[in-house]
Amino acid sequence: IEAGLVKVAAQAQRLAPKARVMVLELPPCGPQFGFRSEDRKAANKRLRYNPNFSAVSPEQVLTASPGAYKDDHIHFSDAGYKLLTDLVKASAEKLF
């Protein structure tokens, strides 16, 4: 997933060299948000420090909001998508 994000960001920069690219870090998931948590955190750290784009972390808004996920704790609920939309909009306003 991380390599795919980096590849998409690189392609966006090739197509629009003056564009600023923002990626959403990998969100937590699973029971108690523990599914492959250490792998996810390591990947997010690499994304966060990649100089080719700005990374936005959804972790705080998702884990602090009951109902952000469907019952499977993997897929976002409508409320979770709304939280992500608001986060991306706010981050884009700061970035751009």
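Quick caveat, the model's predicted, so the values are computed rather than measured.

Definitions and limits used
Residues numbered from 1 in each chain as written. Predicted model: local features only at pLDDT ≥ 70, side-chain atom pairs only at ≥ 80, totals over all residues. Heavy atoms only, no water. Helix = DSSP H or I, 4+ residues; strand = E, 2+ residues; numbered from the N terminus. Salt bridge = Lys/Arg side-chain N within 4 Å of Asp/Glu carboxyl O. Buried < 20%, exposed > 50% of the residue type's maximum accessible area, 1.4 Å probe, protein only.

Trainee: An account of unusual backbone geometry is requested, with residue identities and associated values reported.
Mentor: A positive phi angle, close to 55 degrees, is found at Gln32, a residue other than glycine. A positive phi angle, close to 60 degrees, is found at His73, a residue other than glycine. Within the secondary structure, His73 sits in the loop between helix H3 (59-63) and helix H4 (78-95).

Trainee: Residues and numbers for the pattern of salt bridges, please.
Mentor: Across all of its chains, the model carries five salt bridges by this definition. One salt bridge in this structure joins Glu25 and Arg48, with 2.9 Å as the shortest N-O distance. Here Glu25 is found in the loop between strand E1 (22-24) and helix H2 (37-48), whereas its partner Arg48 is found in helix H2, with 23 residues between them in sequence. Accessibility expressed as a relative area gives 2% for Glu25, which makes it buried. Its salt-bridge partner being Glu59, residue Arg40 comes within 3.1 Å of it at the nearest N-O pair. Taken as a pair, Arg40 in helix H2 and Glu59 in helix H3 lie far apart in primary sequence, 19 residues in all. According to the relative accessible area criterion, Arg40 is buried, its value standing at 7%.

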